[in-house]
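Below are the chains, spelled out letter by letter.
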Amino acid sequence: MGLQYQNSALWVLLDVVFSNSGLTLSLDGLGVGSPLSEFKPEFKLDGIGLDYKGSGGLEIGGAFLHEKVTKTDPVTKKDQTFDQYSGVALIKTEALKLSAMGSYAEMDGYTSMFVYAFLDKPLGGPAFFFVNGLAAGFGYNRALKSPTKVEEIESFPLVSIAMGGNPVGDVKDETSALLDILSSLGSYIPPAPNRYFLALGIKFNSFKLIDSFALLVATFGDEFRIKLLGLSKIVAPPAVSGKSPIAEVTIGLIAEFIPDDELLKIDGKIMPGSYVLSHDCQLTGDFAFYSWFSGPHSGDFVLSVGGYHPSFHVPAHYPSIERLALNWQIDSDLSVKGTTYFALTSCAVMAGGHLEARLDKGRLQAWFDLKADFLVCWQPFHYDIGLSIEIGASYRTFLGTVSASLGAGVHIWGPEFAGTAHVHFIFVSFNVSFGATGIQKPPPLTWLEFKTSFLPPDKDICTIAVKDGLSRTKKEADAPGGERWLINPKHFALSIDSVIPVKKATGKIQKDETLKKLNGFPSGKSDKLLGIGSMELSELESTLTISAIWDGEDCLDKFRFAPVLKSVPAALWGPKREADLNGKPIRDVLCGFEVRPAGHPKPGDTNDIKCSVLRYNIDNREPGPPEQSLLELTWRKPAVPEIVSGKPAHKEELRKILKPAQRSLQAMCRGKDDDPFDLTLDKRLIDEFLEQPQLTSN
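Keep in mind that this is a model prediction, so the values were computed, not measured.

Q: Honestly, the overall build of the chain in this entry has me stumped. Any pointers?
A: Along its length, the chain carries 9 helices and 39 strands. The 698 residues of the chain split such that 33% are buried. For the chain, the accessible surface area stands at approximately 41,200 Å², while carbon and sulfur atoms represent 58% of it.

Right under this line is the structure:
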């Protein structure tokens, strides 16, 4: 119990706890206050806590909080204070545990909320994917600041809940831990207008060795993104065996697809604290996969585990990756270190490693070094391998340091297979050459070899597809591909794609200006230096011919063409035959066109309506010849009663009134060719009326 004086008001504050038969209810910040100038009582409650322990292992915990939050508006830079209501809930039985948390806030002009829940219960599955839990959540007018670095995944609250971030034990302690996690979520999931997210997660085990959790998050609003957060922990032998583990490795992963940038990127990392054989044998390292689908790096990709070849000049848009490394301090005198890497790019594949051991025992030192680096280039096939090994020792005396070492190295290349070997021992060293004399260039490929190795089937080398406006397809045996496209002319857009880079595009075009516009280059021809180095073709000449036929006549001038520029691998389409380890993609290469109409389609004309059919009503006509039996149509105020849209009974009344008018409507809309429009007023059409139509039945 306490007293508080604030803003000329006196408050009496209480913390109340009720407990009975396993149920504990707590009221935090319960207060009553009134201004001193007049008696005008007010009440408040900061939070409610619930703790229940029942029979059969049932435990329930929960908390509800009300707080005033101050947030700085990122646009106006002004502080905004608002009410926020947050809560957590926990249900435990012997078979499952369900944790949930959420928050609700009222801001200026909008409301904001999020909910996240995790079910910890074995659900079954195969040994390699045995599901142990599920997670789900969403946010409305909430931004989700998910981790951008892999090392942040373990501390991300939505992941830490599933991977044991809350303690296992008394439900009261677990509820308190959930409240701490909820408090930290304020910086990860702040209120933000027009920002939304969905989250789905799954926790699983593989062969009782690997515990994993994957959380898929989709964010909407300013930008659409899909991100996958993953965390896996390997313990061998598993804890259930009762034996001390000899290896414990935690791997984090972030996979993200950004449609606006057309970029897919996957970053992974061996998390700190990972080890094998001994806690002193630490493992570190990164891996990544990036692929660009458009933009200046379109067509480029990189897959790397542990980094790149030492001589490789890493492009600025490639990820920075640490070596996969092992660092083992066996004792105070002996240490072992090792690194390894593998990388695959658009021009080469590379791999290598380094292993070293050091003994430092006062005046005596000894060492062992082993290095290997491999490089393999694409067709024409070419490889370059370097290996070296050295063993040495030194001893420091009062006269100086005496050292001796024995080492050897070999450099191999091919085809033809050739190489050199280097040997040194103390002060003696020499080289030995073997294989073919000098570095032999492999023979150039023939067109058939190049086509078979690198190009798709003929039908897929140059393709055309509907980019926008496709209404439906119609199966026709004589149509290309066995189907015909029906395209809305308003949104008509085609995409022409060529696997082979295009140097020039031609068509049955009468005006040179149209040809230049078609190619997108002032000269009417691409200025990119292209070739096929593997064929010793230093200059590539490729022509894309486009034609459009309408009723037997060329109509190419009725379309406009936007060049599609991409990046292509220099190793494949570059003029040089020699492999360039630091080769970059050739950018802005013409690889197709986007085709759209030159102008918007003109609207169609309405059929002429015969004036004679407007004079008569063909319903309820009298017996006799048509020219005598037709009654003249008289226009008057509609006799349709007032009908409230949406009511089933009123819909039925509307059908009764409209059905007799069908024949009159068809006659009025009959065109020159006696081909009336389909004006059958069936049940579905009548149900679409939002208001009563102004018609009469006679």
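Q: How do you make sense of the pattern of salt bridges when you look at a structure like this?
A: Two side chains with opposite charge may pair up if their charged atoms get near one another. Across all of its chains, the model carries 13 salt bridges by this definition. Residues E322 and K269 are paired through a salt bridge, measuring 3.9 Å at the closest nitrogen-oxygen approach. Of this pair, E322 sits in the loop between β19 (301-305) and β20 (324-329) while K269 sits in strand β15 (residues 263-270), placing them 53 residues apart in sequence. Taking the relative accessible area as the measure of exposure, E322 reaches 43% and is therefore partly exposed. In this structure, E594 and K467 form a salt bridge, with 2.5 Å as the shortest nitrogen-oxygen distance. Highlighted residues: E594 in strand β37 (residues 586-597) and K467 in strand β28 (residues 462-468), separated in sequence by 127 residues. Note on K467: relative accessible area 51%, which makes it exposed. One salt-bridge network, in which partners are shared between bridges, spans R225, E256 and K265.

Q: Honestly, the packing of aromatic side chains in this entry has me stumped. Any pointers?
A: When we look at a pair of aromatic rings, we describe it by the centre distance and by the angle of the planes. This model, assessed by the stated rule, comprises 13 aromatic pairs. Seen from their ring centres, F417 and F434 are 5.9 Å apart, and the 40° between their planes marks the pair as tilted. Residue F417 is located in the loop between β25 (400-414) and β26 (418-425), and its partner F434 is located in strand β27 (residues 428-435); the two are separated by 17 residues in the primary sequence. Relative accessible area serves as the criterion here: at 26%, F434 is assigned to the partly exposed category.

Q: How should I be thinking about the pairing of β27 in this particular structure?
A: Moving residue by residue along a regular strand, the side chains alternate between the two faces of the sheet. Among the 8 residues of β27, 0 are classified as buried, and the element is accordingly described as predominantly exposed. Relative to β27, β26 is paired through 8 bridges, and the arrangement is antiparallel. Of the residues in β27, the one forming a bridge with A421 is V432. Hairpin connection from β26 to β27: 2 residues lie between these consecutive antiparallel strands, with I426 at a positive phi of about 55°.

Q: Just checking my understanding: could you explain the side chain of K203 for this structure?
A: Relative to the helices and strands, K203 resides in strand β11 (residues 191-206). In this structure K203 is buried but unpaired, with D120 as the nearest side chain of opposite charge at 4.8 Å.

Q: I tried to follow the sheet that holds β28 on my own but got confused; where do I start?
A: Spatially, 4 strands are ordered β28-β31-β37-β36 in an open sheet, and the strand pairing comes out antiparallel. Edge strands, defined here as strands with exactly one partner in the open sheet, are β28 and β36 (559-568). Here the average twist between neighbouring strands, direction ignored, is 30°. In terms of strand pairing, β28 meets strand β31 (residues 493-498) through 6 bridges, oriented antiparallel. For T463, the partnering residue across the bridge sits in β31 and is D497.

Q: Would you mind showing me how to read the environment of S498 here?
A: Its location among the elements puts S498 in strand β31. Residues S498 and F593, 95 residues apart in the sequence, show an inter-C-alpha distance of 9.0 Å. Contact partners of S498, with chain neighbours within four places excluded, come to I461, C462 and C591. Side-chain polar atoms of S498 contact the backbone oxygen of I500, separated by 2.6 Å.

Q: Looking at this structure, I do not really get unusual backbone geometry. What am I missing?
A: Only a minority of non-glycine residues have a phi that is not negative, and only a minority of peptide bonds are not trans. For the bond running from A236 to P237, omega is -10°, close enough to zero to count as cis. Structurally, P237 can be placed in the loop between β13 (225-236) and β14 (247-258). Positive phi values are uncommon outside glycine, yet N194 reaches one of about 60°. Among the structural elements, N194 can be located in strand β11. Even without being glycine, I426 reaches a positive phi, approximately 55°.

Q: Honestly, the side chain of S160 in this entry has me stumped. Any pointers?
A: Counting through the fold element by element, S160 comes out in helix α1 (residues 157-160). Within the local environment of S160, its side chain forms a polar contact with the backbone oxygen of P157, the two atoms lying 3.1 Å apart.

Q: What's the story with a nonpolar patch on the surface in this structure? I'm lost.
A: The grouping of F18, L23, L25, I48, L50, F64 and Y85 at the surface amounts to a nonpolar patch, some 560 Å² of accessible area in total. Here L23 shows up in strand β3 (residues 23-35).

Q: Is there a simple way to think about the pairing of strand β12 (residues 210-220) in this case?
A: Looking at chain direction, β11 and β12 are connected through 11 bridges and run antiparallel. Bridge pairing in β12 places S206 opposite I210. Counting the residues that bridge the hairpin from β11 to β12 gives 3 residues, and of these F207 lies at a positive phi of roughly 55°. Where β12 and β13 come together, 10 bridges link them in antiparallel fashion. In the sheet register, T219 faces β13, and the bridge partner there is R225. The antiparallel hairpin formed by β12 and β13 contains 4 residues in its connecting segment, where G221 sits at a positive phi of about 125°.

Q: Even after reading the chapter, I still don't get the environment of L572, so can you show me in this structure?
A: Residue placement: L572 occurs in helix α5 (residues 570-573). When the C-alpha positions of L572 and G533 are compared, they lie 7.1 Å apart, and in sequence the two are 39 residues distant. Those residues in contact with L572 that lie beyond four places of it in its chain are F450, F454, G531 and I532.

Q: Mind showing me how you'd approach the nonpolar core here?
A: Ranked by internal contacts, the top residues of the largest apolar core, which has 30 residues, are M101, Y116, V159, F213 and L215. Looking at this core, the elements that each hand over two or more residues are β7 (79-92), β9 (110-124), α1, α2 (171-188), β11, β12 and β13. Sorting elements by how many residues they give to this core places α2 first, with 4 residues. Other than its neighbours up to four places away in sequence, Y116 contacts S99, A100, M101, A135, A136, G137, L158, I161, F213 and L215.

Q: Is there a simple way to think about the environment of I48 in this case?
A: Inspection of the secondary structure puts I48 in strand β5 (residues 47-53). Its relative accessible area of 32% is what places I48 among the partly exposed residues. Between the C-alpha atoms of I48 and V17, which are 31 residues apart in sequence, the distance is 9.8 Å. In this view, I48 contacts L25, S26, L27, G62, A63 and F64; residues no more than four positions away in its chain are not counted.

Q: Sorry, what's going on with the confidence of the model for the chain here?
A: Residues shown with low pLDDT carry predicted positions that ought not to be read at fine detail. For the chain, mean pLDDT is 76; residues scoring 70 or higher make up 76% of the total. Segment residues 509-524: pLDDT under 50, and 29 contacts once partners within four positions in sequence are set aside and those in other chains are kept. This stretch, residues 694-698, has a pLDDT under 50; its non-local contacts, to residues over four places away or in other chains, come to 12 contacts.

Procedures and definitions
- Residues numbered from 1 in each chain as written.
- Predicted model: local features only at pLDDT ≥ 70, side-chain atom pairs only at ≥ 80, totals over all residues.
- Heavy atoms only, no water.
- Helix = DSSP H or I, 4+ residues; strand = E, 2+ residues; numbered from the N terminus.
- Buried < 20%, exposed > 50% of the residue type's maximum accessible area, 1.4 Å probe, protein only.
- Areas by Shrake-Rupley, 256 points an atom, 1.4 Å probe, with all protein chains shown as cover.
- Salt bridge = Lys/Arg side-chain N within 4 Å of Asp/Glu carboxyl O.
- Phe/Tyr/Trp six-rings, centres within 6.5 Å; stacked < 30°, edge-to-face > 60°.
- Pairing = 2+ DSSP bridges.
- Lys, Arg positive; Asp, Glu negative; His and termini not counted.
- Axes fitted to C-alpha atoms, helices over the stretch in contact; angles between N-to-C directions.
- Contact = heavy atoms within 4.5 Å.
- Polar contact = N/O pair within 3.5 Å; in protein donor to acceptor, adjacent residues only side chain to side chain.
- Patch = residues over 30% accessible without salt bridge, like charges linked within 9 Å, V, L, I, M, F, W, Y side chains within 5 Å.
- Core = buried A, V, L, I, M, F, W, Y, C linked by side-chain atoms within 4.5 Å.
- pLDDT = per-residue confidence, 0-100.

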